[in-house]
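Inside the fold
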Amino acid sequence: MDNDYDIANEDGLDFPLGDDEVASCIDAVLAHEGVGRPCMVSVSVVSDERIREVNAEWRNVDAPTDVVSLECERPDDPDLAPGEPCELGDIILAPAYIAAQAARFGTTAADECRLLLVHGTLHLLGHDHLVEQDAVAMEALEDKILSAMPTDGTLGHVVITRHRTEVD
């Protein structure tokens, strides 16, 4: 599948994954979820201040966070012509926040970024964790996808409670 990624780190922030690995993480989610059409995804690496602004604007939460996903289209949208690429949406990551979070949860910054790319892509595909049953299902999906990816081995069982308590 030829997915298209626009990966931007305009401020040159320290980010532990290269563009190829960012694309590989998202590709893994799309393949696992059986997405059969090419997708376009924008990935932005931003400061804590910028993600705070995005979080306030789009989620009415005036605080920094690790990742914000902004969905555009769904791959199964009946208005998309067969084979037409899907503009899946935007994943916005704050590496300083993620590094601090990784330290709190005993993961590497790279593994935390991998988790958040999987997490953010699942959000773009319509998964959520607002109720316990959905959170458990999303955690299981993340575990399964991450177990098939190369990682630093620091993740173990994914627990989305970090995202519930931190308000992603």
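A brief structural summary. Keep in mind that this is a model prediction, so the values were computed, not measured.

**Let's talk about the pattern of salt bridges**
Two side chains that carry opposite charge are able to pair once their charged atoms sit near each other. Going through the model one piece at a time under the given rule, you end up with seven salt bridges. We note a salt bridge from Glu49 to Arg52, for which the minimum N-O separation is 2.6 Å. Taken as a pair, Glu49 and Arg52 lie in helix α2 (residues 48-59) at a separation of three residues, close to a single helical turn. Among the residues examined, Glu49 registers a relative accessible area of 42% and is labelled partly exposed. Take Arg52: its relative accessible area is 22%, and that puts it in the partly exposed class. Its salt-bridge partner being Arg52, residue Asp62 comes within 2.3 Å of it at the nearest N-O pair. Taken together, the positions of Asp62 in the loop between α2 and β3 (67-71) and Arg52 in helix α2 put the pair 10 residues apart, joining distant regions of the chain.

**Considerations on the layout of surface pockets**
Each pocket or cavity is described by its volume, and for the second largest pocket that value is around 190 Å³. Contributions of two or more residues to the lining of the second largest pocket are made by β2 (39-45), α2 and β4 (86-93). If one sorts the elements of the lining of the second largest pocket by residue count, β2 sits on top with three residues. Of the residues that constitute the lining of the second largest pocket, the class distribution is five nonpolar, four polar and four charged.

**So, the sheet that holds β2**
One open sheet holds the four strands; their spatial order is β1-β2-β4-β3, and the pairing between them is mixed. Each of the sheet's edge strands pairs with one partner strand only, and the pair in question is β1 (4-8) and β3. The mean angle between the axes of side-by-side strands here comes to 15 degrees, regardless of whether they run parallel or antiparallel. Where helix α4 (residues 109-124) meets the sheet, it contacts β2, β3 and β4, and its direction lies at approximately 140 degrees from that of β4.

About the thresholds
- Residues numbered from 1 in each chain as written.
- Predicted model: local features only at pLDDT ≥ 70, side-chain atom pairs only at ≥ 80, totals over all residues.
- Heavy atoms only, no water.
- Salt bridge = Lys/Arg side-chain N within 4 Å of Asp/Glu carboxyl O.
- Helix = DSSP H or I, 4+ residues; strand = E, 2+ residues; numbered from the N terminus.
- Buried < 20%, exposed > 50% of the residue type's maximum accessible area, 1.4 Å probe, protein only.
- 1 Å grid on protein atoms, 1.4 Å probe; cavity = no way out; pocket = protein on both sides within 12 Å on 5 of 7 lines; lining within 4 Å.
- Points joined across faces, edges and corners; volume = space filled by probe spheres on them.
- Nonpolar A, V, L, I, M, F, W, Y, C, P; charged D, E, K, R; others polar.
- Pairing = 2+ DSSP bridges.
- Axes fitted to C-alpha atoms, helices over the stretch in contact; angles between N-to-C directions.
- Contact = heavy atoms within 4.5 Å.

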